[in-house]
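In case you want the letters, here they are:
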Amino acid sequence: MKTRITIIGGGIAGVAVAKTLLEKTGGEAEIQIITKDKHYTAGPSRPLLLTGEQQLDRITRGYEELILRGVKVTHGLVTKIHPDERKVEIVQSPPSNESRSNIEYDILVVAPGVVYDGSSIEGYDQARGKIANVYEIGRVHTLKHWVHSITKGRIIVYAPPMPYRCAPAPSEMTLLINTILKARKARDNVEVIHVDANDAPQPPVIAKEITALFEENGINLIAGRRIIELGKDKVTLDDGEELEYDILALLEPNRAPDFVIEAGLGSQWFEVRSPENLRHVKYDDILAAGDVAKLPFPKNQEIAYESALHAVNNIIDELGIGEPVKVQYAFLGWVYVGNPKGELQTKSLKFGLNFTQKPPKPTKDPEPKTEYTKAKDEWEQAYLKSLFGY
Ligand SMILES: Cc1cc2nc3c(=O)[nH]c(=O)nc-3n(C[C@H](O)[C@H](O)[C@H](O)COP(=O)(O)OP(=O)(O)OC[C@H]3O[C@@H](n4cnc5c(N)ncnc54)[C@H](O)[C@@H]3O)c2cc1C
């Protein structure tokens, strides 16, 4: 019987594992992805949906070409992992009713990304309808609608404590909202406050540049303070200060999904042996890839991809097939900073970190450029083409 390699999650890490293993095993293993949605939408350029510079169809892909290449793709929501029985429980919701089933595996790769969890913030459930952000597709459209409608009042943007996925995205939200308000000639009547639970806007390598841009654009930065309570029109910070809001662009604290924690694979993130050995600390046959893994690096697309290749190397080593894939932890990123003239033509900063050097070697061009926005689009499109086939 072929080795059954089951992958939870059809995102950057899950598809990278499937595609690379397919090439390496040449049909000698059964490779199955279990993923909840019938399509994947890339993350990095979602903030540009706010300004209308990105369209959903350009960043959304189906799994059909992956299926044609030989990957089995099952659409279902994973609810449980039973590590001792080597099986995964899934729920599928066909049009008429719900069905539950088990999928058995020989090797399991856990790559479901993160959960955005507001439950640690008092009053979150009651205020839920007042919160949007650029992280989830429906909510991006809600935020876009709100920011393009507001005529006066206050917008609060919130970044939770690290680690969360894509460190600069909350600051991108703030600077793009500022630009849209300027473009709409509404900025004079709308105050913008960026509350950051971290000591400075993230990541640290570009904190100085982001802080300077906030100052230049009259954005009030409140750093090192957490939002601990939410009302329908005000937030309470951890020092008791209350701030009223009209729009709340809040990113919830991030963590691994419940089924990872309930299976004993980690308390907040999946516990791997090391950045190069993605096996679970206790189970040889369960590996992680992508944002769900507890790694000493930022949670972003390049790191997710690189961790996936390390997981592939762990698997091919165990199966005794082929040469390892060449991979090292390093990334290049582009941060949308809006446009000081209020034109909907976003400029970006460029930065990078190379973790093969100790301490990690940063690179950056602090001068915002529109060409970097274009470069980020090309980079994202190249990933989608390579992973999804188009
Ligand atoms: C707004 C935003 C901006 C970003 N900007 C950047 C950037 O500029 N640069 C950068 O490098 N990275 C950026 N990222 C981060 C990047 O998108 C992620 O780091 C990357 O997608 C992580 O890959 P992953 O495979 O771990 O998770 P994902 O790509 O999220 O894939 C997870 C998959 O698992 C599936 N899944 C989840 N739960 C279940 C379940 N219970 N059952 C079945 N399937 C499940 C999901 O549907 C999804 O298909 C950004 C992300 C966002 C949202």
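Residues numbered from 1 in each chain as written. Predicted model: local features only at pLDDT ≥ 70, side-chain atom pairs only at ≥ 80, totals over all residues.

This part takes up the site of the ligand. Neighbouring the ligand are 36 residues, the closest being G9, G11, G43, G113 and G290. Secondary structure elements with two or more residues in the shell around the ligand: α1 (12–25), β2 (29–35), β6 (77–82) and α9 (301–319). Residues belonging to the shell around the ligand are distributed by class as follows: 18 nonpolar, 11 polar and 7 charged. The residues that make up the shell around the ligand include at least three from each of domain 1 (3–36 + 76–114 + 256–319) and domain 2 (116–254 + 330–388). (Near = placed C-beta within 6 Å. Helix = DSSP H or I, 4+ residues; strand = E, 2+ residues; numbered from the N terminus. Nonpolar A, V, L, I, M, F, W, Y, C, P; charged D, E, K, R; others polar. Domains from an automatic or database assignment.)

With respect to the helices and strands, the residue K19 is situated in helix α1. Measuring from C-alpha to C-alpha, the distance between K19 and S386 comes to 9.1 Å, with 367 residues separating the pair along the chain.

Moving on: the domain arrangement of the protein. Per the domain assignment, the segments of the protein are domain 1 (3–36 + 76–114 + 256–319) and domain 2 (116–254 + 330–388). With centres defined by C-alpha atoms, the gap from domain 1 to domain 2 works out at 29 Å. Listed by partner, the interface residues are 13 residues for domain 1 and 14 residues for domain 2. For the side of domain 1 that touches domain 2, the elements supplying multiple residues, two or more each, are α1 and α9. With 4 residues, the top contributor of residues to the side of domain 1 that touches domain 2 is α1. In terms of residue class, the side of domain 1 that touches domain 2 is made up of 7 nonpolar, 2 polar and 4 charged. (Contact = placed C-beta atoms within 7 Å.)

The next subject is the sheet that holds strand β12 (residues 153–159). Ordered by their spatial adjacency, 5 strands build an open sheet running β11-β18-β12-β13-β14, and the pairing between neighbours is parallel. Of all the strands in the sheet, the pair left with one neighbour each is β11 (131–132) and β14 (220–223). Inspection of the sheet shows β12 paired to strand β13 (residues 190–196) by 7 bridges, in the parallel sense. The residue of β13 that forms the bridge with I156 is I193. (Pairing = 2+ DSSP bridges.)

Turning our eyes to something else, we now look at the sheet that holds strand β5 (residues 72–75). In spatial order, the strands read β5-β2-β1-β9-β20; together these 5 strands make up an open sheet with parallel pairing. A strand with exactly one partner marks an edge of an open sheet, and here the two such strands are β5 and β20 (286–288). Between one strand and the next, the sheet's axes are offset by a mean angle of 20 degrees, whatever the strand orientation. The sheet contact formed by strand β1 (residues 3–8) and β2 spans 6 bridges and is parallel. (Axes fitted to C-alpha atoms, helices over the stretch in contact; angles between N-to-C directions.)

Here the focus is the packing of α1 against α9. Contact geometry for α1 and α9: axes closest at 8 Å, N-to-C directions at 35 degrees. The chirality of how α1 crosses α9 is right-handed. Across the interface between the two elements, I12, A13, A16, V17, T20, L21 and K24 from α1 touch Q301, A304, Y305, S307, A308, L309, A311, V312, I315 and I316 from α9. Grouping the constituent residues of the contact of α1 with α9 by class yields 13 nonpolar, 3 polar and 1 charged. (Left-handed = near helix turned anticlockwise from the far one by under 90°.)

With 15 residues, helix α6 (residues 169–183) should cover 21 Å at 1.5 Å per step; its first-to-last C-alpha distance of 21 Å lies within 8% of that length. Within α6, 14 of the 15 residues are buried, leaving the element largely enclosed by the surrounding structure. The positive-phi residue at the C-terminal boundary of α6 is K185, with phi of around 60 degrees. (Expected span 1.5 Å × (residues − 1). Buried ≥ 20, exposed ≤ 12 C-beta atoms within 10 Å, placed from the backbone.)

A word on the nonpolar core. Formed by 54 residues in total, the largest nonpolar core has its most connected members in V17, V110 and A289. Broken down by element, this core gets its largest block of residues, 8 residues, from α9. With residues near it in sequence (within four places) discarded, V17 still touches I7, V109, A111, A289, A308, A311 and V312. (Core = buried A, V, L, I, M, F, W, Y, C linked by C-beta atoms within 7 Å.)

When we look at burial in helix α7 (residues 207–216), the residues that qualify are E209, I210, L213 and F214. For α7, the angular spread of the buried residues around the axis is 140 degrees, confining them to a single face. Seen from the buried face of α7, the exposed residues on the opposite side, beyond 90 degrees, are A212, E215 and E216. Elements in contact with the buried residues of α7: α6, β13, β14, β21 (330–338), β22 (347–354) and β23 (361–369). (Arc of directions from axis to C-beta.)

For the rest of this paragraph, the subject is the pairing of β13. Of all the 7 residues making up β13, 5 are buried; the element is thus mostly covered by neighbouring parts of the structure. Running through α6, the crossover from β12 to the neighbouring parallel element β13 is right-handed. In this sheet, β14 lies alongside β13 in parallel orientation, the contact comprising 4 bridges. Bridging across to β14, H194 finds its partner in L221. Of the crossover connections in this fold, the one passing from β13 over α7 to the parallel β14 is right-handed. (Right-handed = clockwise from strand over helix to strand, strands pointing away.)

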